[in-house]
Every structure is written in C-alpha cells, then in structure tokens.
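Tertiary structure, described
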Amino acid sequence: MSTLIFRTIAPVITVVMIAFAVFVTLRGHNEPAGGFMGGLISAGAVAIYGIAMGPTYVRRALKFDPLAYAGFGVAMAAISGLLSAMFGLPYLTGLWGEFKLGETVIAVSTPLVFDIGVFFTVFGTIVATALALEDSDGEDE
C-alpha cells in the first residue's frame, strides 16, 4: 500500500505518534500506561512509516539496529534497579531526586529510568520483528 497520499501523510502520523508515545511514557508511573505502552505506540508509528516507505528507509531513519535499542533498554532498566543497591537498599527500590533548572524543579526517579528502559526494550524488539517480517515479504516475491 504505497499510494502517494499515504507516503505523504505517513511521516506526519509517525511524528505525532512518537510524540504521544513520549508523553505516555513520561507520565507512566503517575497515571496508567508507561514504558510498555509508549514502546508499543512508537513501534506502531515506525511500522506505519515502514509500510509507506519500506524497510530500507526505516533502517536508515533509526540510525542503529533495532536490537541495539532493545539491549540499551534492558541495560537501562537493570541499572535503574542496581542504583538502589549502591545505597544498601533492595533491588528496584525507588529513589527520587530533584534538579533545579533556573526556577523550575525537575523530579527524576529510578522508576522513570526503568520505564524509559522498558520503552526502548519494547520498541527495539517490536521494530526488529516487524522489519524482519517486512524483509521476508520481499524475498518471497
């Protein structure tokens, strides 16, 4: 399905979906959703882009292999759990910190870092699977 209209609107849809995925991920520990839902939404956005443009364009746009994103996410989630061990607390105990940026206070926590790690893990895994399926479709023809 590579119509001119779809190829024209797909990049816009992709950007809007990825922005929404970031929003869902960042609000994840305070509201329903989180890294898993954000990763699924962003992978769906990349899938739409891949349907419109093809897997070659998706791989070029991603800059890194999708499984590298998944590995980065797993490492990030593990590190967020290990940070509590540095303070003598059980694994995955939540830690919070505040940083002042001018007059704005930014709260950062290990649950947020964990959610971001889950985001990258889900995103990388789903995109790698989708690209593998898309590549195999081209070989059968």
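Scope of this entry: the structure provided in the associated data block. Residue numbers restart at each chain and count upward from 1, following the sequence in its written direction. Only residues with pLDDT of at least 70 are given local features in this predicted model, and only at 80 or more are side-chain atom pairs given and counted; all residues enter the totals for whole chains, interfaces and linings. In computing side-chain values, all of the structure's heavy atoms are included and hydrogens and water are not.

1. Brief notes about the overall build of the chain
Assigned secondary structure in the chain consists of five helices and two strands. For the chain, the succession of helices and strands along the chain, N to C, is α-α-α-α-β-β-α. The dimensions of the chain, computed from C-alpha atoms along their principal axes, are 60 × 35 × 25 Å. Relative accessible area decides the class of each residue, using a 1.4 Å probe on protein chains only: under 20% of the type maximum gives buried, over 50% gives exposed, and in between gives partly exposed. For the chain, buried positions account for 30% of its 141 residues. Any two residues having at least one pair of non-hydrogen atoms within 4.5 Å are treated as being in contact. Within the chain, contacts between residues separated by at least 24 positions form 61% of all contacts whose residues are at least 6 apart in sequence. Positive and negative charge centroids in the chain, built from 6 and 11 side chains respectively, lie 9 Å apart. We count a stretch as a helix when DSSP gives it H or I for four or more residues in a row; a strand needs E for two or more, and each element gets its number in order from the N terminus. Counted as positive: Lys and Arg. Counted as negative: Asp and Glu, with His and the chain ends omitted from the count. Charge placement uses NZ in Lys and CZ in Arg. For Asp and Glu, CG and CD serve respectively.

2. A short note on the packing of helix 2 (residues 35–53) against helix 3 (residues 55–62)
It is at 7 Å that the axes of helix 2 and helix 3 come closest, and there the two elements cross at 135°. Considered as vectors, helix 2 and helix 3 are oriented oblique to each other. Touching Val46, Tyr49, Gly50 and Met53 of helix 2 are Pro55, Tyr57, Val58 and Ala61, all from helix 3. Residues are sorted three ways: Asp, Glu, Lys and Arg are charged, Ala, Val, Leu, Ile, Met, Phe, Trp, Tyr, Cys and Pro are nonpolar, and all the rest, Gly among them, are polar. The residue makeup of the contact of helix 2 with helix 3, split by class, is seven nonpolar, one polar and no charged. In this analysis, axes come from line fits to C-alpha atoms, helices being fitted only over the stretch in contact, and the angle between any two N-to-C directions falls in the range 0 to 180 degrees. Roughly parallel here means an angle under 35 degrees, roughly antiparallel means over 145, roughly perpendicular means 65 to 115, and every remaining angle is called oblique.

3. Description of the nonpolar core
If you look at the biggest cluster of nonpolar residues, it comprises eight residues: Ala43, Val46, Val58, Leu62, Tyr69, Phe123, Val127 and Leu131. Those elements giving two or more residues to this core turn out to be helix 2, helix 3 and helix 5 (110–140). With three residues, the single largest contributor to this core is helix 5. Discounting chain neighbours no more than four positions away, the residues touching valine 46 are Val58, Phe123 and Val127. Residue types Ala, Val, Leu, Ile, Met, Phe, Trp, Tyr and Cys, when buried and joined through side-chain atoms within 4.5 Å, form a set referred to as a nonpolar core.

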